[in-house]
Amino acid sequence: MWIKIFLGAGVLIFLAVCVESFREGRKFRVTDYDMDIPAMKEGEKEQKIVFLSDLHNHVYGENNDRLLESIRSQEPDLILIGGDMLIGKRDTLPDPALDFVKQLPQIAPVYYCNGNHEQRMK
């Protein structure tokens, strides 16, 4: 009896993990933050910054076109990358991340900071 309950619970947990992994790998989230900066001078143009991080070689649409279109639609003044755009393992190619990042300067200036996965690429 306990074995059936244990196996059933294990199967349910496994399926839940698979569904969440599938969902997470195909969706990205856009979060808007408005910051009131007292040091801004009167009449100074607001700046829009897109911050990207931890994509780990995920591709959203063909050639990341869904993600690129989402970034373009934000009309950013600056794009900041906080690292981990790729997977730093010997058997994993960085091409999806590199192809994506190469397209970003057509949208706005880009500043890239390495994460732990980039550090593994030494």
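These remarks concern the structure in this document. What you see is a predicted model; the values in this text were computed from it and never measured.

Let's talk about the layout of surface pockets
- Within this model, the largest pocket holds a volume of roughly 1400 Å³.
- Lining the largest pocket are 34 residues, with Thr31, Tyr33, Ile49, Val50 and Phe51 positioned closest to its centre.
- The set of elements that each furnish at least two residues to the lining of the largest pocket consists of α1 (2–24), β1 (49–52) and α2 (65–74).
- Tallied by class, residues from the lining of the largest pocket come to 15 nonpolar, 7 polar and 12 charged.

Side note on empty space enclosed by the protein
- Overall, the coordinates contain 1 cavity of 30 Å³ or more when judged by the stated rule.
- As for the largest cavity, its lining consists of Leu55, Asn57, His58, Asn64, Met85, Pro96, Ala97 and Phe100.
- Looking at side-chain class alone, the lining of the largest cavity contains 5 nonpolar, 3 polar and no charged residues.

Points about the pairing of β1
- Here β1 shows a buried face lined by Val50 and Leu52 and an unburied face lined by Ile49 and Phe51.
- With 4 bridges connecting them, β1 and strand β2 (residues 78–81) associate as parallel partners. Of the residues in β2, the one forming a bridge with isoleucine 49 is leucine 78.
- Crossover connection from β1 via α2 to parallel β2: handedness right-handed.

Details of unusual backbone geometry
- Unlike most non-glycine residues, asparagine 57 shows phi in positive territory, near 65 degrees.
- Checked against the element boundaries, asparagine 57 lands in the loop between β1 and α2.
- Even without being glycine, asparagine 64 reaches a positive phi, approximately 65 degrees.
- Topologically, asparagine 64 is positioned in the loop between β1 and α2.

Some details on the pattern of salt bridges
- On inspection of all chains with the given rule, the structure shows 2 salt bridges.
- Lysine 45 serves as the salt-bridge partner of aspartate 77, at 3.0 Å between the closest nitrogen and oxygen. Linking aspartate 77 in the loop between α2 and β2 with lysine 45 in the loop between α1 and β1, this pair joins segments that are 32 residues apart in sequence.
- For aspartate 77, a relative accessible area of 27% gives the class partly exposed.

Looking at the sheet that holds β2
- Strand order in the open sheet formed by 3 strands is β1-β2-β3, and the pairing between neighbours is parallel. At either end of the open sheet lies a strand with only one pairing partner, and these are β1 and β3 (110–112). Put simply, the sheet's adjacent strands are angled 15 degrees from each other on average, direction ignored.
- In terms of strand pairing, β2 meets β3 through 3 bridges, oriented parallel. In the strand pairing of β3, leucine 80 is matched with tyrosine 111.

Rules and cut-offs
- Residues numbered from 1 in each chain as written.
- Predicted model: local features only at pLDDT ≥ 70, side-chain atom pairs only at ≥ 80, totals over all residues.
- Heavy atoms only, no water.
- 1 Å grid on protein atoms, 1.4 Å probe; cavity = no way out; pocket = protein on both sides within 12 Å on 5 of 7 lines; lining within 4 Å.
- Points joined across faces, edges and corners; volume = space filled by probe spheres on them.
- Helix = DSSP H or I, 4+ residues; strand = E, 2+ residues; numbered from the N terminus.
- Nonpolar A, V, L, I, M, F, W, Y, C, P; charged D, E, K, R; others polar.
- Buried < 20%, exposed > 50% of the residue type's maximum accessible area, 1.4 Å probe, protein only.
- Pairing = 2+ DSSP bridges.
- Right-handed = clockwise from strand over helix to strand, strands pointing away.
- Salt bridge = Lys/Arg side-chain N within 4 Å of Asp/Glu carboxyl O.
- Axes fitted to C-alpha atoms, helices over the stretch in contact; angles between N-to-C directions.

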